[in-house]
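Here are the chains, one letter per residue:
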Amino acid sequence: MGSREPVELTFESAENIVLRWDATSSDEARDRTIFAGGDRHVIDHYLNAVDEIQRSLESGTLTESDNQSKAKTAIRIAMARLEDEFRNLLTAHTSPIGTDCLIDPNSSFKRTCSTSELHDQSFVVEEGGEGRTCVSYRLANRICEIDLIPSEVISDLRSIAERMISAGYLRECVQVCLGVRKSCVDASMVHLGIEKSSIDDIQWMEWENLEAKIRWWIRAARVSIRIIFASEKKLCEQIFPYLLVGSSIDDYCFLETVKGQAMQLFNFAGAISTITPRSPEKLVKILELHDAMSDLLPDIEVVFKSVSSKMIRVEAAEILSELTEAVRGIWLEFENDVLKEPSKVPIPGGTIHPMTRYVMNYINLITDYKQTLVELIVSKPELKNSGDLTDVELEVVEGRTPLALHLIWIMMTLQSNLDGKSKHYKDPALGYLFMMNNVHYIVQKAKAESNLREMIGDGYLRKLSGKHRQLATSYQRSSWVKVMQCLSRDEGLHGNGSSTAFGVSKSTAVKERFKSFNLAFEEVHKTQAMWLIPDEKLRQELRVMILELLIPAYTSFLGRFRSYVESGSRHPESVIKYSVEDIEAAIFNLFVGTSASQQQMRRR
């Protein structure tokens, strides 16, 4: 809107103009509008008339009491007219910010935010249907103020506000603005899906539903603070420039417009921070909410920077603090779960314990929030001083971050808990297999998650890998010792000619040894046929390890003593029941947790 030359008016002509537009005086004045018509001459003429009457009152040039009374009456009429014009003009150009694009991110964009700092265009706005402004769900990292009302309309609204405030009608003007804009903000928040929820409502809500609401809230909060509230603040500053700064109602119009919705927005986050029980599965979503609130706090400080807005800033900061305590509380609950998991019933087949899966999946999930966890969670101070750590263990954790040390401590605690559970197996070999499965799973999960691997370091992973290989060796020794003794022990088989040192025929002694081997092998095979190694590569490695131990010894035994059986027995196959190939096939059927290999053995 360009500059306008003021028209010289006398008090009488100015009074006549104001009275002509008195809505109570004629149908024509009531049905017509000054500003909506767009006739700049009419608009300027009326504003000049108001200015002249106000100037006359303030200058004291109206000496006669009748003229002063007329001027005051004219001002009252003018203010009533300007209030109606202000309301009509504001209403005509006010519409909620729609969220069609929030739901449909693939929609086409017509107009981008003009904020110069918004380089990545993460926030995009467009003209929506029915005159609404539409906001994209792609969320920026900075405030993005939208021009909610065209600049020429802003100029007219400001012109009206200036005259109403000058005449002492500040309260009326602000109330009109509040009434119109608050309804608009309320409608925009409804479009965003911000609902009024009490703490009780949230406490009784299923966690799956709350997870979805948290995801939506994070998006809605960013749009609300960075676009809706920020743009509303800009609009109030455009309509009332410098008129309220430093006064007792500084930022009053903006604050009263958005305060209710801002508090409702924060109430949800605050209610989530108090939710109980603080079970570990809730941590990831609480972390998301914490990070979102932390990320928004600087924007909240900017949008609500006035003295009168302090309560909003304080509320946001308190909610962030409550979310911090919620994160710490849930983390402590998680640690207690790892430390005190009480199950004593052995897991069938020695497979991976559910707690191991739970802990490692949990750790992998939360490493995406490692920066937040570093800030919020203190490392276990006793880790590097623990008597349970060897010099080698101390060396591999040297130089790790406090959070990495904390995670290593949890993984060590998990292993200690698992070791206790392994003692509940009656067969020590199955206890070793159980530990091998679980330690191997820990290693594989840590290697697969780049964040976790980087944090805890390859040194610690190599140590864990060495541990599961040691467990495999311990399993092998404790499990196959009786079988190997049948093949490697020469006691009772030495002697000259056809008899042994004990006077028993060598053929008979060899047959008994073969029968002992068959019985020992079948017993071990029958027992271990129901044992389980879920990881295929580990399963194959252990099978090969057994075969490398067993096949050379069995092959050698067959070579040395087969002839004694075949030459002295009508049915040597009943004594030498298994060929080398049979042994290999039987071993390769182990550790799948089924009875298929048992059935195969029974058919022989």
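Sequence order sets the numbering: in each chain, residues are counted from 1 along the sequence as written. Whole-chain, interface and lining totals are the exception, using all residues; otherwise, since this is a predicted model, local features are given only for residues with pLDDT of at least 70 and side-chain atom pairs are given and counted only at 80 or more. Processing note: side-chain calculations cover all non-hydrogen atoms of the structure and skip hydrogens and water entirely.

Q: Let's hear about the side chain of Thr367: which residues, and what values?
A: In DSSP terms, a helix is any run of H or I states spanning at least four residues, a strand is any run of E spanning at least two, and both are numbered starting from the N terminus. Structurally, the position occupied by Thr367 is in the loop between α13 (354–366) and α14 (370–376). Side-chain atoms alone can form a polar contact between residues adjacent in sequence; in general such a contact is a pair of N or O atoms within 3.5 Å, and within protein one must be able to donate a hydrogen while the other accepts it. For Thr367, the side chain forms a polar contact with the main-chain oxygen of Asn364, separated by 2.7 Å. Discounting chain neighbours no more than four positions away, the residues touching Thr367 are Leu407, Glu449, Asn451, Leu452 and Met455. Two residues form a contact once any of their heavy atoms are found within 4.5 Å.

Q: An account of unusual backbone geometry is requested, with residue identities and associated values reported.
A: Unusually for a residue other than glycine, Phe591 sits at a positive phi of about 70 degrees. Only protein chains enter the accessibility calculation, which uses a 1.4 Å probe; a residue whose area is less than 20% of its type maximum is buried, one above 50% is exposed, and one in between is partly exposed. Judged by its relative accessible area of 0%, Phe591 falls in the buried class.

Q: Summarise the packing of helix α16 (residues 402–422) against helix α19 (residues 458–488); cite the residues concerned and give the values.
A: For helices, the fitted axis covers only the stretch in contact; all axes are lines through C-alpha atoms, and the angles between them, taken along N-to-C directions, range from 0 to 180 degrees. Running from N to C, α16 and α19 point in directions that differ by 10 degrees, and their axes come no closer than 12 Å. The pairing of α16 with α19 is recorded here as roughly parallel in orientation. Packed against α16, whose contacting residues are Ile408, Met411, Met412 and Gln415, the element α19 presents Tyr460, Leu464 and Lys467 at the interface. Its residues assigned to classes, the contact of α16 with α19 shows 5 nonpolar, 1 polar and 1 charged. Roughly parallel covers angles under 35 degrees, roughly antiparallel covers those over 145, roughly perpendicular covers 65 to 115, and oblique covers all other angles. Asp, Glu, Lys and Arg are counted as charged, while Ala, Val, Leu, Ile, Met, Phe, Trp, Tyr, Cys and Pro are counted as nonpolar; the rest, among them Gly, fall into the polar class.

Q: Got a sec to walk through the nonpolar core? Specific residues and values, please.
A: In these notes, a set of buried Ala, Val, Leu, Ile, Met, Phe, Trp, Tyr and Cys residues joined through side-chain atoms within 4.5 Å is what counts as a nonpolar core. The biggest cluster of nonpolar side chains holds 178 residues, and the ones touching the most others in it are Phe86 and Phe229. For this core, the leading source of residues is helix α9 (residues 207–239), giving 16 residues.

Q: Describe the confidence of the model for the protein chain, listing the residues and the values that go with them.
A: On a scale of 0 to 100, pLDDT captures the predictor's confidence in every residue. Looking at the protein chain, the pLDDT average stands at 82 and 81% of residues meet or exceed 70. Contacts for the low-pLDDT stretch residues 101–132, under 50 throughout, to residues beyond four places or in other chains number 80 contacts. Considering only residues more than four positions removed or in separate chains, one finds that residues 135–140, a stretch of pLDDT under 50, has 32 contacts.

Q: Give me the packing of aromatic side chains: which residues, what numbers.
A: Aromatic rings from Phe, Tyr and Trp, with only the six-membered ring used for Trp, were paired whenever their centres fell within 6.5 Å, and each pair was classed as stacked if the ring planes differed by under 30 degrees, edge-to-face if by over 60, and tilted otherwise. Counted according to the given criterion, the structure contains 17 aromatic pairs. A ring pair is formed by Phe254 and Phe304, whose centres lie 5.5 Å apart and whose planes are at 35 degrees; its orientation type is tilted. Pair noted here: Phe254 is in helix α10 (residues 252–273) and Phe304 is in the loop between α11 (283–303) and α12 (310–340), with a separation of 50 residues, a long-range link. In terms of burial, Phe254 and Phe304 fall into one category: buried. Where Phe561 meets Tyr564, the ring centres are 6.3 Å apart and the plane angle is 45 degrees; that geometry is what we call tilted. Here Tyr564 and Phe561 lie together in helix α21 (residues 536–567), a separation of 3 residues that amounts to about one turn. For Phe561, a relative accessible area of 5% translates into the label buried. Clustering of aromatic rings is evident, with ring pairs tying together Trp480, Phe517, Phe521, Tyr554 and Tyr578.

Q: Can you explain the side chain of Arg226? Please cite residues and give values.
A: For Arg226, the location among the structural elements is in helix α9. A polar contact of 2.7 Å, which involves the side chain of Arg226, links it to the side chain of Asp299.

Q: Residue-level account of the environment of Ile377, with values.
A: Structurally, the position occupied by Ile377 is in the loop between α14 and α15 (391–397). Exposure remark for Ile377: the relative accessible area of 8% places this residue in the buried category. Measuring from C-alpha to C-alpha, the distance between Ile377 and Trp331 comes to 8.1 Å, with 46 residues separating the pair along the chain. Not counting residues within four places of it along the chain, the set of residues in contact with Ile377 comprises Trp331 and His406.

Q: Tell me what's going on with the pattern of salt bridges, and back it up with residues and numbers.
A: Salt-bridge detection follows one rule: a side-chain nitrogen of Lys or Arg within 4 Å of a carboxyl oxygen of Asp or Glu. Scanning the model with the defined rule gives 22 salt bridges in all. Where Asp51 meets Arg163, a salt bridge forms, and the shortest distance between an N and an O atom there is 2.8 Å. You can see Asp51 sitting in helix α3 (residues 40–59) and its partner Arg163 sitting in helix α6 (residues 151–166), a full 112 residues away along the chain. According to the relative accessible area criterion, Asp51 is partly exposed, its value standing at 30%. Judged by relative accessible area, Arg163 falls into the buried class, the value being 16%. Here Arg226 ties to Asp299 by a salt bridge, and the two come within 2.7 Å at their closest N and O atoms. Separated by 73 residues along the polypeptide, Arg226 in helix α9 and Asp299 in helix α11 bring together distant segments of the chain. Here the salt bridges share partners, and the residues they tie into one network are Arg40, Asp44 and Asp156.

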